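# Inside the fold
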Amino acid sequence: MEDKQNNLMVGALMLLAGGIIGAGIALMYAPQSGEKTRKEMGRYAKKARRKGEDALEAVEDFTEQVAEMAESVGERASEILDRGKDMAYGAKKSVLKALEDGEARLVKQRSRLAKLIG
C-alpha cells in the first residue's frame, strides 16, 4: 500500500516539476519581452480577480435570496398550519353542535313517542 502511495507522490512531484520547467522554458522563448509578459500576466491576474469577486458577489446574492425565500416559505407554512388548526377547531365545534342538536331532537321525539304510546 505504501509503495503505491510513494509512487503516486513521486509521479505527482515529477508532473509538477515538469510543468514548472515547461513554463520557464516557454517564458524564455516567448516572442515578447519579459516586461511585456509580466504586464500581461498582471492584467490577466487583475481580470481574473475581478471575475472571481463578481462571481462571489453573485453567489452571495443568490444565497441571500434563497435564505429570504426559505424564511418566507417557513412563515407561510406556519400561517397555513395555524389556519388549518383554526379550521379543524371550527369543524369540531360544528360537529359537536350538530350532535347536541341531534341529541336534543332525539330526546324531544322520544318524549313525543312516550306520550303517544302511553
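Whatever comes next refers back to the structure up there.
Residues numbered from 1 in each chain as written. Predicted model: local features only at pLDDT ≥ 70, side-chain atom pairs only at ≥ 80, totals over all residues. Heavy atoms only, no water.

## What about the overall build of the chain?
In terms of regular secondary structure, the chain is built from two helices and zero strands. Against the globule reference of 13 Å for 118 residues, the chain gives a C-alpha radius of gyration of 40 Å, more extended than a compact globule. For the chain, the spread of C-alpha atoms along the three principal axes comes to 125 × 45 × 15 Å. Counting every position in the chain, which comprises 118 residues, the buried fraction comes to 1%. Measuring between centres, the 21 positive side-chain charges of the chain sit 8 Å from its 19 negative side-chain charges. (Helix = DSSP H or I, 4+ residues; strand = E, 2+ residues; numbered from the N terminus. Rg over C-alpha atoms; globule rule 2.2 N^0.38 Å. Buried < 20%, exposed > 50% of the residue type's maximum accessible area, 1.4 Å probe, protein only. Lys, Arg positive; Asp, Glu negative; His and termini not counted. Charge placed at Lys NZ, Arg CZ, Asp CG, Glu CD.)

## Section: a nonpolar patch on the surface
On the surface, a cluster of nonpolar side chains totalling about 430 Å² of accessible area is made up of Met9, Leu13, Leu16 and Ile20. Secondary-structure assignment places leucine 16 in helix 1 (residues 2-28). (Patch = residues over 30% accessible without salt bridge, like charges linked within 9 Å, V, L, I, M, F, W, Y side chains within 5 Å. Areas by Shrake-Rupley, 256 points an atom, 1.4 Å probe, with all protein chains shown as cover. Salt bridge = Lys/Arg side-chain N within 4 Å of Asp/Glu carboxyl O.)

## So, the pattern of salt bridges
Counted according to the given criterion, the structure contains four salt bridges. The shortest N-O distance in the salt bridge between lysine 39 and glutamate 35 comes to 3.7 Å. Taken together, the residues span about one helical turn, with lysine 39 and glutamate 35 both in helix 2 (residues 34-117) at a distance of four residues. In this structure, glutamate 79 engages arginine 76 in a salt bridge whose closest nitrogen and oxygen atoms are separated by 3.3 Å. Here glutamate 79 and its partner arginine 76 are both found in helix 2, three residues apart, which amounts to about one turn of the helix. Residue classification places glutamate 79 among the partly exposed positions, given a relative accessible area of 40%. Take arginine 76: its relative accessible area is 42%, and that puts it in the partly exposed class.

## Things to note about a negative patch on the surface
There is a patch of like negative charges on the surface, built from Asp54, Glu57, Glu60, Asp61, Glu64, Glu68, Glu71 and Glu75. Locating aspartate 61 in the fold gives a position in helix 2. For aspartate 61, a relative accessible area of 39% corresponds to the partly exposed category.

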